[in-house]
Structure formats: C-alpha cells, structure tokens
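# A look at the structure
If you want the building blocks of each chain, they are given just below.
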Amino acid sequence: QVVYAVINLVINQVQTLRDQLCKTCTNSAEPDWAGGTQQSGDETVNVERDSNEEDGESQGPDPEESKPECSKTAEDSSPKNLDPFSSWSTEEREKLLLCAAKIFQIQFPLYTAYKHNTHPTIEDISAQESNILGSFCDMNDVEVPLHLLRYVCLFCGKHGLSLMKDCFESGTPETLPFPIAHAFITIVSNIRIWLHIPAVMQHIIPFRTYVIRYLCKLSDQELRQSAARNMADLMWSTVKEPLDTALCFDKESLDLAFKYFMSPTLTMRLAGLSQITNQLHTFNDVCNNESLVSDTETSIAKELADWLINNNVVEHIFGPNLHIEIIKQCQVILNFLAAEGRLSTQHVDCIWAAAQLK
C-alpha cells in the first residue's frame, strides 16, 4: 500500500504541475483535463482492488467505492489540495520522482523479498486482471514480478505518461526545471521496458516529439550535462524500438542533432553528427532492401537533402571550425547528397578550400 501511495502522490504532483503549466499557456484545454482525470480513476480501481483482494483486504460495496472516487476528484481540483505541492522545493520533487522510478525496476527490494515467499504469478491471476495488465504490459514473461506489472498498469492507467507529455508540451526550461524533466524521463525509461509494442506506439512515440522540442530549448551548458545526453539518447532510440514503425522524416530529431552539432565542444559535435548520419543510414538501409523506391521514400530523400542544405551542414563541417574527427564521419552525408544530385559546386569549393589548409 505504501508503493500505491507513492505512485498516487507522484500522479497528483505531475497533474498539479501540468495544470500550472497549462494555465501559463492557455485555458482552452481545461475541460479535457477534467475528463481525463475521471477516466483514469475508473481504469485504476480494478488494478488496486485485485491486488488488495490477493492480500486479504476486504472492499466495501460498490456505492461506497463510487462515493470516495467522486470526493477524490473534487479534492484534486480544489485549491487546498495544491498547497502541499507548492511548498515543495525542486529538489524534494525530484527525489520523489526518482524514488518512484525505482519502483519500475526489477531490482526493487520489494520484488526480491516477495520472490522468497509463496506468491501468485502471472499464470495464477484472474482473467479480468490479466486483461487489465495486458492492456499495457507484455504478459509473455512469467518471471516478471506480478506487482511490478500492477504498478506499471496503475501508473499508465492514471495517465501518468500522458500527464508528463503535457508538461513537456506546455513547459520550457524556465517553467519546467531540468532536474524534474530528467526525473520524468527516468520514469519513462523504466516503464517502457515492460510495455508491449502497441502501448509504446500509443504512449511513448507521441511523448517523444515534445521532449525533443524541450531539449532543443536548453542552453549549450545544460546540454553538456550527462543527464541531458541521456534524455536525448533515450528519445532518439525510441524511433528504432518498435519494429513496425514506418519510415519518416524525423525533423525533431534532426533539429536536436543539429543543436548538438553546433556546440563548441567536440564531443557534443560528434554526438550530433552521429545522429544525423544514423538517420541517413536508416534511410539507406530501407531503400537498399527494396527493389522499387516508393513515392514516400523519394519524398523523404528530398526532405533530408533539403534539411542538410538549408542548415549548411557541409559548410559547417568544412568551415572555420573544421576538425579531423568531424571530417572522418562526414562521408555518409556527402555520399547521400551526391546520390540525390544535390552536391553543388559550392560544396566542392568549400571542401577544396578546407583541403588547402592542411
């Protein structure tokens, strides 16, 4: 029950932050937020009830269940319920989020202790609870602790990921502190492990766009932090994880890669260039595996070439800030532009001028 309380506290804190961020942007979405809150309560009652029944705890009749649910919704929307969170410091909020993130790790001590006692497994639960857990989690691995899946389902059922996405959508580094944003991503990373592909497509992929836009607003000094790099790596990798993700022009990812590439720090420049070339590699692999190039692939190739030219990537590689390590990794870009017929004499002149300096 302590774990359930921590998860519910985190949900309430994220929702409070989301509401504050939305008020600074627009008030037009408030009716939707209220509807989402009521729906989330209905979805998660079943998970908590099934868990309590297993532990031998009795539940009141249905009318009694519905009454606290309504009062809870009213309390959540009251100003008094916001006061405790407004007194929390950023460090305290971050600690709570990081504590919750550990709940979604299989190394969580509770799971280890529970494993040594007689306990039901995924195969022993009711069909109703199995359907609830299966709406988010991969149920094929019977070794995964049952409580872990319940906690994941509770968090997702209460729209925890959606609330975090809304925070990134409405927030900026000034209104959404970076330590909080990083803690959000830590939770997302831990939960994503237990989600099946449809859940990843529904909850993680839409999440990704707003996180990348948030990262693009960070200063160069903030991006140098390892936490920011971890956030960027996580969001970049999500495009590859679902195997059935369609090929697309990932402009948000390229824009973040370009921000890294324009950094004065060589390590960050190499990281940005690596992500640019990775997207070109992905495109080339798809094209090489197909005998006929579709109109979609032709359109994506044009968008990629336009992006490289409009951002003067070749000129930045061979410009005043050229570095031998950067030049070593640029062949994929040059080959792609040449294959698309977009490598101009201006590019050749720039490369030739750089060669005269060596």
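Residues numbered from 1 in each chain as written. Predicted model: local features only at pLDDT ≥ 70, side-chain atom pairs only at ≥ 80, totals over all residues. Heavy atoms only, no water.

### Regarding the overall build of the protein chain
The condition that has to hold: The secondary structure listing takes helices from DSSP runs of H or I that are at least 4 residues long and strands from runs of E that are at least 2 residues long, numbered from the N terminus. Burial classification: accessible surface area is computed with a 1.4 Å probe over protein chains only, and a residue below 20% of its type maximum counts as buried, one above 50% as exposed, and the rest as partly exposed. Whether two residues touch is decided by their heavy atoms; if any such pair falls within 4.5 Å, the residues are in contact. Accessible surface area values rest on a Shrake-Rupley calculation with a 1.4 Å probe, where residue burial reflects the displayed protein chains alone.
If you tally the helices and strands in the protein chain, you get 20 helices and 0 strands. Burial statistics for the protein chain: of 358 residues in total, 42% are counted as buried. Counted over contacts in the protein chain with a minimum sequence separation of 6, partners at least 24 positions apart contribute 76%. Carbon and sulfur atoms form 53% of the exposed surface of the protein chain, whose accessible area is close to 18400 Å².

### Section: unusual backbone geometry
Within the chain, His159 stands out as a residue other than glycine whose phi angle is a positive 60°. Within the fold, His159 resides in the loop between α8 (146-157) and α9 (160-170). The class of His159 is partly exposed, set by a relative accessible area of 23%.

### Section: α8
This is how it is decided: The span one expects for a helix is its residue count, reduced by one, times 1.5 Å.
Between its terminal C-alpha atoms α8 stretches 16 Å, which fits the 16 Å expected from 12 residues at 1.5 Å a residue. For α8, the tally of buried residues reaches 12 of 12 residues, placing the bulk of the element in the interior. Every buried residue belonging to α8 is among Leu146, His147, Leu148, Leu149, Arg150, Tyr151, Val152, Cys153, Leu154, Phe155, Cys156 and Gly157, and all of these are buried. Downstream of α8 by one or two residues, His159 has phi in the positive range, about 60°.

### Here's the deal with the pattern of salt bridges
Going by this rule: Salt bridge, as applied in this entry: a Lys or Arg side-chain nitrogen positioned within 4 Å of an Asp or Glu carboxyl oxygen.
The full count for this structure, using the stated rule, is 12 salt bridges. A salt bridge links Lys95 to Glu91; its shortest N-O distance comes to 3.6 Å. Of this pair, Lys95 and Glu91 both sit in helix α5 (residues 90-103), 4 residues apart, roughly one helical turn. With a closest N to O distance of 3.5 Å, Lys328 and Glu325 form a salt bridge.

### Observations concerning α9
With respect to burial, α9 is a largely interior element, 9 of its 11 residues being buried. The complete set of buried residues in α9 reads Gly160, Leu161, Leu163, Met164, Lys165, Asp166, Cys167, Phe168 and Ser170.

### As for the packing of helix α11 (residues 197-216) against helix α14 (residues 251-261)
This is how the line gets drawn: Throughout, an axis means a line fitted to C-alpha atoms (over the contacting stretch in the case of helices), and angles, computed between N-to-C directions, take values from 0 to 180 degrees. Angle categories: roughly parallel below 35 degrees, roughly antiparallel above 145, roughly perpendicular from 65 to 115, and oblique for all the rest. Helix crossings fall into two classes, left-handed where the near helix is turned counterclockwise from the far one by less than a right angle and right-handed where it is turned clockwise. The nonpolar class holds Ala, Val, Leu, Ile, Met, Phe, Trp, Tyr, Cys and Pro. Asp, Glu, Lys and Arg form the charged class, and all remaining residues, Gly among them, are polar.
The contact between α11 and α14 brings their axes to 9 Å, and the two run at 20°. Compared by their axis directions, α11 and α14 come out roughly parallel. The two elements α11 and α14 cross, and the hand of that crossing is left-handed. Between α11 and α14, the contacting residues are Arg208, Thr209, Ile212, Arg213, Leu215 and Cys216 on the first element and Glu252, Ser253, Asp255, Leu256 and Lys259 on the second. Per-class residue counts for the contact of α11 with α14 are 4 nonpolar, 2 polar and 5 charged.

### A word on the side chain of Asn311
Relative to the helices and strands, Asn311 resides in the loop between α16 (295-310) and α17 (313-317). When residues no more than four places from it in sequence are discounted, the contact partners of Asn311 are Phe258 and His316.

### Digging into the confidence of the model for the protein chain
Heads up, the rule is: The score called pLDDT rates the predictor's confidence residue by residue, from a low of 0 to a high of 100.
Per-residue confidence for the protein chain gives a mean pLDDT of 79, with 77% of residues at or over 70. A low-confidence stretch, residues 49-83 stays under pLDDT 50, and its non-local contacts, those more than four residues away or across chains, total 28 contacts.

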